[in-house]
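# Structural overview
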Amino acid sequence: MIGSPDPSANKAHFGGSLRRVEDPHLLRGDTTFVANVKLDGALAVHYVTSIEAHAMITAIDTAAAASAPGVVDVVTAADLDLGPTPPAWLPRRDEPPLPRHRPGSIRW
């Protein structure tokens, strides 16, 4: 029992090993992992972010990516109408929404 005055009663939860019941089939490969599920017509996505923490974007050349075998589409932030960034806090009603960032710039 947790919280028992007898320290030996907490041994099952604190300072001791717990028998894990979910591991054997994972270790044997007797389960289905989401990454191994193949659905007909499903596409994979790959996100590329800036390697610079703070930079001005002058151009993005997507030609090489778009012409790679199997690529269906290449999308940049300029192609999307992202709108303002939702705040991490509950905004006051009179606060305007924050812009995502200045177009063409990166801030991490």
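Everything numeric in this text was worked out from a predicted model, so none of it was measured.

When helices and strands are counted, the chain shows two helices and two strands. Put simply, the chain has 108 residues, and 6% of those count as buried. Here the contacts in the chain between residues at least 6 apart in sequence split such that 43% fall between residues at least 24 apart. Surface summary for the chain: the accessible area is close to 10200 Å², and the carbon and sulfur share equals 60%.

In this section: the environment of His25. Counting through the fold element by element, His25 comes out in helix α1 (residues 23-28). Overall, His25 belongs to the partly exposed group, its relative accessible area being 29%. Those residues in contact with His25 that sit more than four places away from it in its chain are Asp30 and Thr31.

It is worth spelling out the pattern of salt bridges at this point. Should the charged atoms of two oppositely charged side chains come close, the side chains can pair. Applying the stated criterion across every chain, the model contains one salt bridge. Its salt-bridge partner being Asp30, residue Arg28 comes within 2.7 Å of it at the nearest N-O pair. One exposure class covers both Arg28 and Asp30, and it is exposed.

The residue Val48 is located in the loop between α1 and β1 (54-56) in this model. Residues Val48 and Thr76, 28 residues apart in the sequence, show an inter-C-alpha distance of 9.5 Å.

Below, the discussion takes up the side chain of Thr76. With respect to the helices, strands and loops of the structure, Thr76 is situated in the loop between α2 (63-66) and β2 (105-107). If sequence neighbours within four positions are ignored, Thr76 has contacts with Ile60 and Thr62.

Nonpolar side chains collect at one region of the surface, where Val75, Leu80 and Leu82 lie side by side and expose about 260 Å² of accessible area between them. Structurally, Val75 is set in the loop between α2 and β2. Given a relative accessible area of 46%, Val75 falls into the partly exposed group.

Further remarks concern the confidence of the model for the chain. Predicted coordinates in regions of low pLDDT should not be interpreted in detail. A residue-level look at the chain finds 64% of positions with pLDDT of 70 or above and a mean pLDDT of 76. Looking across the chain, the model is least confident in β2, with a mean pLDDT of 62, and most confident in α2, with 94.

Thresholds, definitions, all that
Residues numbered from 1 in each chain as written. Predicted model: local features only at pLDDT ≥ 70, side-chain atom pairs only at ≥ 80, totals over all residues. Heavy atoms only, no water. Helix = DSSP H or I, 4+ residues; strand = E, 2+ residues; numbered from the N terminus. Buried < 20%, exposed > 50% of the residue type's maximum accessible area, 1.4 Å probe, protein only. Contact = heavy atoms within 4.5 Å. Areas by Shrake-Rupley, 256 points an atom, 1.4 Å probe, with all protein chains shown as cover. Salt bridge = Lys/Arg side-chain N within 4 Å of Asp/Glu carboxyl O. Patch = residues over 30% accessible without salt bridge, like charges linked within 9 Å, V, L, I, M, F, W, Y side chains within 5 Å. pLDDT = per-residue confidence, 0-100.

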